[in-house]
Amino acid sequence: VQLNSYDAAGDLLSSGRPFVVVAGAAGVTAEAAATPDNSLAGLLAATPGLASFRAALDAAGLLPGLSGAETYTLFAPNDDAFAAIPQGIRDRLSANPQALATILQYHMMRGRYTAAELAVVQPSTVNGPPLTIVPQGQGLTVNGANVLVADVAAANGLIHVIDSLLLPPPAGGVRPPVIDASGAATFVGPSLTVVGTGEPGRTIIVSLSGQAFGAPAVVDAGGRWQVAGDVAPGEYRLVAFMLNGETLEAASAVVQLTAR
């Protein structure tokens, strides 16, 4: 049994620790009852909205380590955060466990850190680079991502649920992707050309609210790129993802777009 709390919109607010209830049926004993998995791995499996993160950890070979005695604090992107990444990029990451592990380890810290502690302490991630954790009202942001649910407790650590994927900082001197957001916020379609800057030679994939837009582009020697396509009327979140080969290296800030 696990008791969860949701808001009126159906979003998860908090999760209780799973526990076992043994019925007194003939032939059933406490010794035969299943033991609950109170590890981080078990909690990820039992918490609604974190299936994509758990599957990514499994694909990267990191999930078994979350069942052991070592203690971790996880920033866990929810399923919506993964859905915001175009399927083609997710497929590339799933096919490259080493690159996927590098990204996921940036969501992991050794030790047990509550939200209150993280407001004043900035521990390093498992793969080294630190996170930028900032108090925001009654909560926290992590590299700009919002902590939606804090301090979900497991026997070997804590989970903080966040609303976007975290990417390690690019290597020194590498130019991250930037979308040229100058001009009117309202666009009259259907033809749209997105332009920006980035590291020469890298591949750019543009996403409109989680759906790939146009064809991938290669950043030219001058650091410029453009991606074109048609867009239907609506409200969109525009993001440019930069890949180094098959590895997701960086993402631009979100640009809000209104198409008429």
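Bear in mind the structure is a predicted one, so any value in this text is a computation, not a measurement.

**Q** Just to check I follow, could you spell out the side chain of E199 for this structure?
**A** Relative to the helices and strands, E199 is located in the loop between β11 (191-197) and β12 (203-208). It is R202 that comes nearest to the buried, bridge-free E199 among opposite-charge side chains, at 4.8 Å. Within polar-contact distance, the side chain of E199 engages the backbone nitrogen of R175 at 2.8 Å. Contacts of E199, omitting those with residues within four sequence positions, involve G173, V174, R175, V219 and M242.

**Q** Got a minute to help me understand helix α5 (residues 97-105) in this structure?
**A** Note on helix geometry: an α-helix contains 3.6 residues per turn, so any two residues three or four positions apart are oriented the same way. All of the buried residues along α5 are A99, L100, A101, I103 and L104. Buried-residue contacts for α5 involve α2 (51-59), α4 (87-94), β4 (108-110) and β16 (247-251).

**Q** Whenever I open this one, the side chain of E249 confuses me. Can you help?
**A** Residue placement: E249 occurs in strand β16. Apart from the residues within four sequence positions on either side, E249 is in contact with P168, P170, V174, R202, M242, L243 and N244.

**Q** For this particular structure, what's the right way to read the nonpolar core?
**A** Note that soluble globular proteins tend to have their nonpolar side chains buried in a common cluster. Ranked by size, the top nonpolar core spans 36 residues in total, and within it L44, L57, L66, L74 and I159 carry the most contacts. Secondary-structure elements contributing two or more residues to this core are α1 (40-46), α2, β3 (72-77), α4, α5, β7 (145-154), β8 (157-162) and β15 (234-244). Excluding residues that lie within four positions of it along the chain, I159 makes contacts with L40, L43, L44, L50, L74, A76, V149, A150, D151 and V152. Counting 21 residues, the second-largest nonpolar core is a separate cluster that includes A217, V227, L238 and L257.

**Q** Would you explain α2 in this entry?
**A** Taken residue by residue, α2 has F53, A56 and L57 as its buried positions. Along the axis of α2, the buried positions cluster into a sector of 100 degrees, meaning they face one direction only. The elements touched by buried residues of α2 are α1, β3, α3 (79-83), α5 and β4.

**Q** Any chance you could explain the pairing of β16 here in plain terms?
**A** For a regular strand, side-chain orientation follows a simple rule: the groups alternate between the two sheet faces. Of the strand pairs in this sheet, β15 and β16 are connected by 4 bridges, and their pairing is antiparallel. When the sheet's bridge partners are listed, M242 is paired in β16 with A250. Hairpin geometry of β15 and β16 is characterised by an intervening segment of 2 residues between the two adjacent antiparallel strands and by a positive phi of about 70 degrees at G245.

**Q** Sorry if this is basic, but what is going on with the pattern of salt bridges here?
**A** Two side chains with opposite charge may pair up if their charged atoms get near one another. Here the structure, examined in full by the defined rule, presents 3 salt bridges. Where E246 meets R92, a salt bridge forms, and the shortest distance between an N and an O atom there is 3.8 Å. Residue E246 is found in the loop between β15 and β16, and its partner R92 is found in helix α4; the two are separated by 154 residues along the sequence. The exposure class of R92 is partly exposed, given its relative accessible area of 24%. For E249, the salt bridge identified is with R202, shortest N-O distance 2.6 Å. Here E249 is found in strand β16, whereas its partner R202 is found in the loop between β11 and β12, with 47 residues between them in sequence.

**Q** Can you help me understand the sheet that holds β8 in this one?
**A** Strand pairing in a sheet takes place through backbone hydrogen bonds and is either antiparallel or parallel in direction. Spatially, 6 strands are ordered β4-β3-β8-β7-β6-β5 in an open sheet, and the strand pairing comes out mixed. The open sheet is flanked by β4 and β5 (133-136), the only strands paired with a single partner. Taking the axes of each pair of neighbouring strands and ignoring which way they run, one obtains an average angle of 30 degrees across the sheet.

**Q** Which parts of the structure should I look at to understand the pairing of β3?
**A** With 6 of its 6 residues buried, β3 lies for the most part within the structure. Here β3 shows no split at all, with Y72, L74 and A76 on one side and T73, F75 and P77 on the other all buried. Sheet analysis places β3 next to β8, joined by 6 bridges and oriented parallel. Paired with Y72 across the bridge in β8 is G157.

Rules behind the numbers
Residues numbered from 1 in each chain as written. Predicted model: local features only at pLDDT ≥ 70, side-chain atom pairs only at ≥ 80, totals over all residues. Heavy atoms only, no water. Helix = DSSP H or I, 4+ residues; strand = E, 2+ residues; numbered from the N terminus. Buried < 20%, exposed > 50% of the residue type's maximum accessible area, 1.4 Å probe, protein only. Lys, Arg positive; Asp, Glu negative; His and termini not counted. Salt bridge = Lys/Arg side-chain N within 4 Å of Asp/Glu carboxyl O. Polar contact = N/O pair within 3.5 Å; in protein donor to acceptor, adjacent residues only side chain to side chain. Contact = heavy atoms within 4.5 Å. Core = buried A, V, L, I, M, F, W, Y, C linked by side-chain atoms within 4.5 Å. Arc of directions from axis to C-beta. Pairing = 2+ DSSP bridges. Axes fitted to C-alpha atoms, helices over the stretch in contact; angles between N-to-C directions.

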